Amino acid sequence: MANTIPRSPSTAESRIRRRWLLRPGLQRTRQQRTGQQQTGQLQTPQSQTVPRQQLQRLPRQELRSRLELAGLLLGTSVLYLWNLGASGWANAFYSAAAQAGSQDWAAWFFGSSDSANAITVDKPPAALWITGLSVRLFGLNSWSILVPQALMGVATAWLLYLAVRRAARPATGDDRLAHLGGLLAGAVMALTPVATLMFRFNNPDALLVLLMTAAAYAVLRSIQDARFRWLLLAGVFLGFGFLTKQLQVLLVVPGLAAGYLLAAPVRLGKRVLHLAGAGAALGVSAGWWLAAVELIPAEDRPYIGGSQTNSILELTLGYNGLGRLNGDETGSVGGGNGWGTPGLLRLFNSEFGGQIAWLLPSVLVLAGALLWLGRRAPRTDAVRASVVIWGLWVVVTGLTFSFMAGIIHPYYMVALAPGIAGLAGLAGVLLWQRRSLPAAAVPLAAAVAAAGAMAFQLLGRSPAYVPWLRWVVLLLALLAVVLLLVPPAPAGAGKALQRTTAAAAVAAVLAAPLAYSLTTAATAHSGAIVSAGPAATGVRGNLAGPGNFSRQGTLAGPGTPANPGTANSATQAAGGFGGRGGGGGMGGLLGTSTPSDALVTALQTGAAKYTWAAAVVGSNNAAGYQLAAELPVMAVGGFNGTDPAPTLEQFQQLVADGKIHYFIGGSMMQGETGSDAAARISEWVAANFQAETIGGATVYDLS
């Protein structure tokens, strides 16, 4: 072909020393180099003569690629949807809020725990807007609540495919290879155990990950297409991410901003202005709801759950903000070392490692290799921009999770998955294409070896769990490493060896996460704290350490809910794929009550005369009764039972006005800090009303 030169290792090596992103075998003209500086993309020569046979194969190749992408998305859908209803209400705290939003538009807008708007959940309502609409459209059931999360997972895998394929295409000069890189990224994302968990669960993390991934795609699209509107759209995605889980969305902003500032094909001043515009888009997209909540009088809206002053700003900066970093979370539980010991290796310990750490060391090696090989690429190089975006995503988020002293749960690790998947897919195909060079082959082999070693270590923490798998993965990794370091076969030969090498490497990387993901999908999960995969040795309970729970006790009488704090769990058979379910318990704090039929009937009887069918301390206790009766139940004290909502005086007035039918007693664990209003209300009820037992629960008729 007119613009090709003989492919030899020495020629390729010298060319990569000059500009690594040149596809081996292609020369660039001065005009093409000029075009690169203007667009930020490598140009594939347009003057090549394409053989007629190749033209005839193009439609078939395109069809094959589309079918492979459809297979990835269909497989992800099956993994995330299979047996989904087994988890029931999953996190009943959010399921009850979705039910409330389906019954009342004000509750939907504010994210209230009940349709009578006593108190909100302790997060902004964006995720509840989706599930609330789903319940309104399809009725109250576990599928209407959980299917939207599964679809978010499929969309996230698709966006990663698109982002990696776009970055890899100009760098490889090979549509097929770029497509495979996108597939690899999507597969890594889909098979990350904690992703399988959270895209089958109704916590806000599913929507947060989707929105952050969409923002990354939009920034990369803005860089490659030189379109400012994509950057603005990224700001909108981040703004709604803020309305999903507040300040956590900002962990990806350093990477997104650095990538654009480095690689956007405009002068520096414009890049800065563009980022300011994107910041404004973020502020507007998040700020409109915050402003509405702050401007509406407190008496005309529900209490802001998780705050001590009925303020969304306090919730943002305190309980869900700096408190997560320094552990100073008024009204929370588990202080001190109750959430584990922070440290650099925290993400590799028994609690977090099986959720996310499978490829964490590997992608750090791969990112370093790409940055080194691309050190002389044009400033606008899309691959380097991608490495900066995905790499800083992983580093900033990982370090934050490692050292934060406040509330942290294993499922938070899902926020790392897109960054890891993006790096794995992009680096995998680029280094594979250049594996004839030691600078590519050695890091690629090291990454596979690290993945095999990490899988061997993590699988060893569950000795009864498929005990042969860790050895198979280790052998596959060793085989792949040896084959990667073997000099490549001459052109036209060694196809079988190449395929064997690729298959061994992919299997070594994905076999263990796949097994964990299958176990996760086969296990019902419920409660406030859930984990992916089988039980591992050395994992703490619902809270590590003794914590500080001085106010644990029975509230308003000795009776307890019929089944407080239960969580679905699966027995791990020796050598089988049994997993661990959700975390409940802790005296009704994290688990959901399961009322008897007799109690549900009592709540429903005459309910039209009352604003709340019942009141009970703690949001999870209230959620169980509310979902069973499909009537508003007041969560006294909010999630932890430590919010001053309502105060004793307010509660007494509501009882005097005949707005609450029953008060249900039960066990509730509370922290040392925050309001004691819930405890005072319980004492007042016990002292002034007659207790009766209905279906095993202690109930007070306040009418």
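Details of the structure are given in the entry above.
Residues numbered from 1 in each chain as written. Predicted model: local features only at pLDDT ≥ 70, side-chain atom pairs only at ≥ 80, totals over all residues. Heavy atoms only, no water.

**Q** A description of the overall build of the chain should follow, citing residues and the corresponding values.
**A** When helices and strands are counted, the chain shows 25 helices and nine strands. Of the accessible surface of the chain, which amounts to about 26200 Å², a share of 61% is contributed by carbon and sulfur atoms. (Helix = DSSP H or I, 4+ residues; strand = E, 2+ residues; numbered from the N terminus. Areas by Shrake-Rupley, 256 points an atom, 1.4 Å probe, with all protein chains shown as cover.)

**Q** Explain the pattern of salt bridges to me, using residue names and the numbers behind them.
**A** In this structure the tally under the stated criterion is nine salt bridges. With a closest N to O distance of 3.2 Å, E68 and R64 form a salt bridge. Here E68 and its partner R64 are both found in helix α3 (residues 52-81), four residues apart, which amounts to about one turn of the helix. Linking D122 and K123 is a salt bridge whose minimum nitrogen-to-oxygen distance equals 3.4 Å. The exposure class of K123 is buried, given its relative accessible area of 9%. (Salt bridge = Lys/Arg side-chain N within 4 Å of Asp/Glu carboxyl O. Buried < 20%, exposed > 50% of the residue type's maximum accessible area, 1.4 Å probe, protein only.)

**Q** Let's hear about the side chain of Q248: which residues, and what values?
**A** With respect to the helices and strands, Q248 occurs in the loop between α11 (228-245) and α12 (253-263). What Q248 contacts, discounting residues up to four positions off in sequence, is L208, F401, Y412 and A415. (Contact = heavy atoms within 4.5 Å.)

**Q** So what's going on with the packing of helix α20 (residues 469-485) against helix α21 (residues 495-521)? Residues and values would help.
**A** The geometry of α20 relative to α21 is characterised by a closest axis approach of 8 Å and an angle of 150 degrees between their N-to-C directions. The angle between α20 and α21 places the two elements in the roughly antiparallel class. Along this stretch, α20 crosses α21, giving a crossing that reads as left-handed. Where α20 approaches α21, its residues L469, V473, L476, A477, L479, A480, L483 and L484 are matched on the opposing element by L497, T500, T501, A504, A505, A507, A508, A511, A512 and A515. (Axes fitted to C-alpha atoms, helices over the stretch in contact; angles between N-to-C directions. Parallel < 35°, antiparallel > 145°, perpendicular 65-115°, else oblique. Left-handed = near helix turned anticlockwise from the far one by under 90°.)

**Q** Tell me what's going on with the sheet that holds strand β6 (residues 660-664), and back it up with residues and numbers.
**A** With mixed pairing, five strands are arranged side by side in an open sheet as β5-β4-β6-β9-β8. Both edges of this open sheet fall to β5 (633-636) and β8 (691-694), since each of them pairs with a single strand only. Strand-to-strand twist in this sheet, taken as the mean axis angle between neighbours without regard to direction, amounts to 35 degrees. The sheet contact formed by β8 and strand β9 (residues 697-701) spans four bridges and is antiparallel. If you follow T693 over to β9, its bridge partner there is T698. Across the sheet, helix α22 (residues 597-604) lies against β4 (612-617), β6, β8 and β9, angled at about 155 degrees from β6, the strand it touches most. (Pairing = 2+ DSSP bridges.)

**Q** Explain helix α24 (residues 648-656) residue by residue, including any values.
**A** Restricting attention to buried positions, one finds in α24 the residues L648, F651, L654 and V655. When α24 is viewed along its axis, its buried side chains cluster within an angular range of 125 degrees and face the same direction. On its buried face, α24 sits against β4, β5, β6 and α25 (677-688). (Arc of directions from axis to C-beta.)

**Q** Account for the packing of α22 against helix α23 (residues 619-629), naming residues and giving values.
**A** Packing of α22 against α23 brings their axes to within 9 Å, and their N-to-C directions diverge by 75 degrees. One finds that α22 runs roughly perpendicular with respect to α23. Contact with α22, carried on its side by L599, V600, L603 and Q604, involves Y625, A628 and A629 of α23 and no other residues of that element. Tallied by class, residues from the contact of α22 with α23 come to six nonpolar, one polar and no charged. (Nonpolar A, V, L, I, M, F, W, Y, C, P; charged D, E, K, R; others polar.)

**Q** Any chance you could break down the nonpolar core for me, citing the residues and the numbers?
**A** By size, the foremost hydrophobic cluster in this structure holds 151 residues, and its most contacted members are F401, M413 and L426. When residues of this core are assigned to their parent elements, the largest contribution, 15 residues, is made by helix α10 (residues 205-225). Listed in part, the 22 residues of the second largest apolar core include I119, L599, A607 and A614. (Core = buried A, V, L, I, M, F, W, Y, C linked by side-chain atoms within 4.5 Å.)

**Q** Describe the packing of aromatic side chains, listing the residues and the values that go with them.
**A** To describe a pair of aromatic rings, you give the distance between the ring centres and the angle between the ring planes. Tallied over the entire structure, the rule returns 20 aromatic pairs. An angle of 85 degrees between the planes, with centres 5.5 Å apart, marks the rings of Y465 and Y516 as edge-to-face. Of this pair, Y465 sits in the loop between α19 (438-459) and α20 while Y516 sits in helix α21, and the two are 51 residues apart along the sequence. This pair shows no difference in class: Y465 is buried, exactly as Y516 is. An angle of 75 degrees between the planes, with centres 5.5 Å apart, marks the rings of W684 and F689 as edge-to-face. Ring-pair connections join several aromatic residues into one group, and the members of that group are W105, W108, F109, F110, W129, W288 and W289. Over the aromatic face of Y319 sits the side chain of R324, whose NZ or CZ is 5.1 Å from the ring centroid. Across the ring face of W471, the terminal group of R470 is positioned such that the distance to the ring centre comes to 5.7 Å. (Phe/Tyr/Trp six-rings, centres within 6.5 Å; stacked < 30°, edge-to-face > 60°. Lys NZ or Arg CZ within 6 Å of the ring centre and 35° of its normal.)

**Q** Give a description of a nonpolar patch on the surface that names residues and reports values.
**A** A cluster of nonpolar residues, L344, L345, L364, L392, V395, L399 and F403, forms a patch on the protein surface that exposes about 640 Å² of accessible area. The dominant element in the nonpolar patch, judged by the number of residues it contributes, is helix α17 (residues 382-403), at four residues. Among the secondary structure elements, L345 is positioned in the loop between α14 (312-326) and α15 (353-356). (Patch = residues over 30% accessible without salt bridge, like charges linked within 9 Å, V, L, I, M, F, W, Y side chains within 5 Å.)

**Q** Residues and numbers for the environment of A163, please.
**A** Residue placement: A163 occurs in helix α7 (residues 142-172). Separated by 58 residues in sequence, A163 and R221 have C-alpha atoms that sit 7.9 Å apart. In this structure, A163 is in contact with Y217, L220 and W390, ignoring residues within four places of it in sequence.

Honestly, it's all geometry; don't read function into it.
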